[in-house]
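One-letter residues, chain by chain:
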Amino acid sequence: MCGIIGYIGGGNAAENVLEGLRRLEYRGYDSAGLAVIGGNGKISVVKRQGRVEKLAPLITEMRGCVGIGHTRWATHGRPCDANAHPHSAGAVTVVHNGIIENYAELKAAFIEKGETFFSETDSEVLAKLVNKNFSGDILTALAAAVKVVKGSYALMAICENTQAIAVAKSKSSVILGFGDGENFCASDEPALAGKCKNICSLEDGDIALITRDKIEIFDSKLKPVKRKLRPNVAVSASLDLCGCPHYMLKELKEVPASVKNTISAFYDVEGELKKALDGVNRIIIVGCGTAYHAGLLGKRYFESFARVPVEVETAGEFRYKDPVMTEKTAVFAISQSGETADTVEAARLALSMGAKVVAVTNAPYSQLTRLASVVVPVAAGPEICVAATKSYTGQITALYLAALAFAGKKTAELEKMPGLCQKVIEDIDINTLAQMCARSNGVYFLGKDLDYAVALEGSLKLKEVSYIPSEGYPAGELKHGTLALIDGNTVSVALMFDKALAGKCENAVEQVLSRGGRAAVITNDTEVYNNFSKRCEVLLLPECDKYLSPLISAVVVQAIAYETAVILGRDPDKPRNLAKSVTVE
Ligand code: M6R
C-alpha cells in the first residue's frame, strides 16, 4: 500500500511530484522514488529506501514536464533501493499501488523467456507487461497489460518520447485532477489540494490518458466513458506542530475539539440517519485496528440504548465469513481514512447484499464516503500521526450519538465531555506509569465490559508506538492462563470506570500484586483509589457517565503510549513497519 502521484504541465514535474509525495507519505514511508521524462525524451529515475525527503537533493538537476512518483509501504520485498518504485522495462516506467495476486506466475513466464528482474516486488511484472504490449501507444499497451492481471492496482505508466501519463484502476483508488495547462493523477484527494479546480474518481476497469491539455477516460475495452467532475475542495493537512514535539501529542491535545466538533456535525445528519435506519432490526459494525475498538463500544451503545442486536467484526474477517445480511441490516463501517481496503470492501459487500451502509469516517472525500448510504461524520480534523488518537474519541462520540438517535433518546451528558477531556489532558501525570511501562518486558491492559474495549486500544497503541509487547484482556480472563506470565518485569494496568464492576476488576489487580507483578490502576472511583493508592500507581480521573468514560480513559492510555515511546526514543508519529492508511488487504 502506497501513495502515487503523476503530473504533466508547464511546471517542473520533479518538484510537483515531490510535493505530492510529501503529502502522500502517510500512506507509506519505507522508500520513495520518482521518474521524469526529460527534454531529450529519455526517462530519469531516482529512488531511495527511507523517507520522501531523501529525494529532494536528487532532483535538483531533473528537468521535464511529465513525472510520476511513489511512496512505499512494502508488501512484496523488503524496503530497499531496488524494491522502491518506479520500476522500468524497456521504454516503459511505472508506479503501482495495490497487490498483483498472480505476479509469481507472470514473473515465472517472463523469466522463462530470459527476462531479468531487478526487484522482489510484485509491481515489476506490470512494467514488463506494459513494455511487452508496447508498440508505440502507451494507452493500448496499458489496457492489454492489465487484462492478464489479478489483484488490485492504481497504476501509472509513462514511456520514452511520449508526453502523456496512462493510468489504470482496479480496487485501489485513483483521482484525476483537471488543471489549467496542467493535469494530475493521484491515489487520493489530499495530494491534489489547492492544485486544480476540478477532480474526478476513476471507476474499476477504467483507463485514462492524461496529457497537458486534456484527460480522456475509457473503459477496459477502450470505449470512451464519462466520469462525474466535482469541485476540488480537498484541504491538505496543516503540518504545523503548534509547539508540540510530535503530531501524536498535538493530536491528543485536540481530543476535546474532536469530541465537540463531532457533536455539532452529527446534528446535520441526524434526520438522514434516522430515515436510513428506519426498519433496521440488526446492526453489524466493521472496522480495523483502532476503528474496530471504537466499534466494540458502539455495540454496547446500540444494544443498551436501543436493545437492537449488534455484531462487531474486524473488516478483514467479516468479508470472508459468508455473512448473513438482509435489507433490514445496517452495516456501520468505521474508518478514519475511509480508504482502508478491508473496510471499504466490507462495505461494498454489505451494499451488494442489500444492507444499508453507514460510514463513520473522518474523511469526507474518501472511497467509503462515496459508496455509503449515509455518512456520520467524525470531525476530528486531519490526523497525521500514524497512531490514531483524536479520531478514536471522535468515532466513539459519533457512535454514541448514532445509537441515541436510533433509540430516540437524548442526554446532556455528552456536552460535558469536551471539558472533562481537556481537564484530564491538562491535569493527569502519567510519567511514573510510562516509566514503568518503558522498563517492563510486557504490559497487560485489563478491564471489564466498556473498560475492556479501551484496554484493547491501550494495548494496541502501546505496541504500535513503543514496540513493547502488550495485550488487552478482560480482567476475569487473566487467571485462565495469562497469570503465568506475571512477574516483577511485567506491568498490569487495570481500567475501572464502572462502579458496579469495579470489585471484580479489583480482584484481578490483587492477583497480580500477590504474585509479585507490578500493577497500576486508572479509575474515577474514589473507593478504588483509596483501596490501591498505597500499594500501586493509581491515576484518579474525574467522575462521568460510565458510557462516556472511554472518552477520558482513552486519552490516558494513549498518552501513556506516547510518553513511553518518547522515553524509549521511538518516533511515535511514524512507527516502524506501519502506514497511516492501509489500502491493501
Ligand atoms: O483509517 P482507518 O481508521 O480505517 O484505519 C484503521 C487502522 O489501520 C488504524 O486504526 C490503525 O490500527 C491505527 N494505526 C492504530 O493507531
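Structure's up top.
Keep in mind that this is a model prediction, so the values were computed, not measured.

Cut-offs applied
- Residues numbered from 1 in each chain as written.
- Predicted model: local features only at pLDDT ≥ 70, side-chain atom pairs only at ≥ 80, totals over all residues.
- Heavy atoms only, no water.
- Helix = DSSP H or I, 4+ residues; strand = E, 2+ residues; numbered from the N terminus.
- Rg over C-alpha atoms; globule rule 2.2 N^0.38 Å.
- Contact = heavy atoms within 4.5 Å.
- Areas by Shrake-Rupley, 256 points an atom, 1.4 Å probe, with all protein chains shown as cover.
- Salt bridge = Lys/Arg side-chain N within 4 Å of Asp/Glu carboxyl O.
- Buried < 20%, exposed > 50% of the residue type's maximum accessible area, 1.4 Å probe, protein only.
- Pairing = 2+ DSSP bridges.
- Axes fitted to C-alpha atoms, helices over the stretch in contact; angles between N-to-C directions.
- Parallel < 35°, antiparallel > 145°, perpendicular 65-115°, else oblique.
- Nonpolar A, V, L, I, M, F, W, Y, C, P; charged D, E, K, R; others polar.
- Near = heavy atom within 4 Å.
- Polar contact = N/O pair within 3.5 Å; in protein donor to acceptor, adjacent residues only side chain to side chain.
- Expected span 1.5 Å × (residues − 1).
- Phe/Tyr/Trp six-rings, centres within 6.5 Å; stacked < 30°, edge-to-face > 60°.
- Lys NZ or Arg CZ within 6 Å of the ring centre and 35° of its normal.

**Quick notes on the overall build of the protein chain**
Of the regular secondary structure elements, the protein chain holds 17 helices and 24 strands. On C-alpha atoms alone, the protein chain measures out to a radius of gyration of 25 Å, which is about the 25 Å that the 2.2 N^0.38 rule sets for 585 residues. Taken over the C-alpha atoms alone, the protein chain extends approximately 80 × 50 × 45 Å along its principal axes. Long-range contacts, defined here as pairs at least 24 residues apart, represent 72% of the contacts in the protein chain between residues at least 6 apart. Carbon and sulfur atoms form 50% of the exposed surface of the protein chain, whose accessible area is close to 22300 Å².

**Section: the pattern of salt bridges**
Two side chains of opposite charge can pair, provided their charged atoms sit close to one another. By the definition in use, this model includes 31 salt bridges. For Glu-115, the salt bridge is made with Lys-128, and the minimal N-O distance between the two is 3.1 Å. On the criterion of sequence distance, the pair formed by Glu-115 in the loop between α2 (103–112) and α3 (124–132) and Lys-128 in helix α3 is long-range, its members being 13 residues apart. On the accessibility criterion, Glu-115 (34% relative accessible area) is partly exposed. Relative accessible area serves as the criterion here: at 5%, Lys-128 is assigned to the buried category. Notably, a salt bridge pairs Lys-250 with Glu-254, separated by 3.7 Å at the nearest N-O pair. What makes Glu-254 partly exposed here is its relative accessible area of 24%. A network of salt bridges, in which partner residues are shared, links Glu-19, Arg-23 and Lys-195.

**Remarks on the sheet that holds strand β11 (residues 198–201)**
Reading across from one edge, β3-β2-β4-β1-β10-β9-β11-β14 is the order of the 8 strands in this open sheet, with antiparallel pairing throughout. Looking at the sheet topology across the chains shown, the edges are occupied by β3 (43–49) and β14 (230–231). In terms of strand pairing, strand β2 (residues 31–37) meets β3 through 7 bridges, oriented antiparallel. Paired with Ser-31 across the two strands is Gln-49, which belongs to β3. Set on the sheet, helix α1 (residues 13–24) makes contact with β1 (3–9), β2, β4 (66–72) and β10 (182–186); between it and β1 the angle comes to about 155 degrees.

**Here's the deal with the packing of helix α7 (residues 290–306) against helix α14 (residues 450–466)**
For any two helices packed against each other, the geometry is given by the interaxial angle and the distance between the axes. One way to put it is that α7 packs onto α14 with a least axis distance of 9 Å and a crossing angle of 175 degrees. Considered as vectors, α7 and α14 are oriented roughly antiparallel to each other. The segment α7 lies against α14, with Thr-290, His-293, Leu-296, Leu-297, Arg-300 and Tyr-301 engaging Leu-450, Ala-453, Leu-456, Glu-457, Leu-460 and Lys-461. By residue class, the composition of the contact of α7 with α14 is 7 nonpolar, 2 polar and 3 charged.

**Focus on the site of the ligand**
Not every one of the 14 residues close to the ligand is listed here, only the nearest: Ser-335, Gln-336, Ser-337, Thr-340 and Glu-464. A distance of 3.1 Å separates an oxygen atom of the ligand from a polar backbone atom of Thr-290. One of the side-chain nitrogen or oxygen atoms of Ser-337 is found 2.7 Å away from an oxygen atom of the ligand. Bound to the protein, the ligand loses 90% of the 410 Å² it would expose on its own.

**Comments concerning helix α17 (residues 549–567)**
Look at α17: 27 Å from first C-alpha to last across 19 residues, which is about the 27 Å you get at 1.5 Å a residue. Directly after α17, the chain includes Gly-569, whose backbone phi takes a positive value near 75 degrees.

**So, the environment of Phe-118**
When you line up the elements, Phe-118 lands in the loop between α2 and α3. Between the C-alpha atoms of Phe-118 and Ala-89, which are 29 residues apart in sequence, the distance is 9.9 Å. For Phe-118, the contacting residues outside a window of four places in its chain are Ala-82 and Glu-124.

**Points about the packing of aromatic side chains**
The final tally for this structure, using the stated rule, is 10 aromatic pairs. Through a chain of ring-to-ring contacts, the aromatic side chains of Tyr-301, Phe-305, Tyr-400 and Tyr-547 assemble into a single cluster. Positioned above the aromatic ring of Tyr-547, the side-chain terminus of Lys-546 is 5.1 Å from the ring centre. One residue, Lys-574, lies across the ring of Tyr-29, its end atom 5.8 Å from the ring centre.

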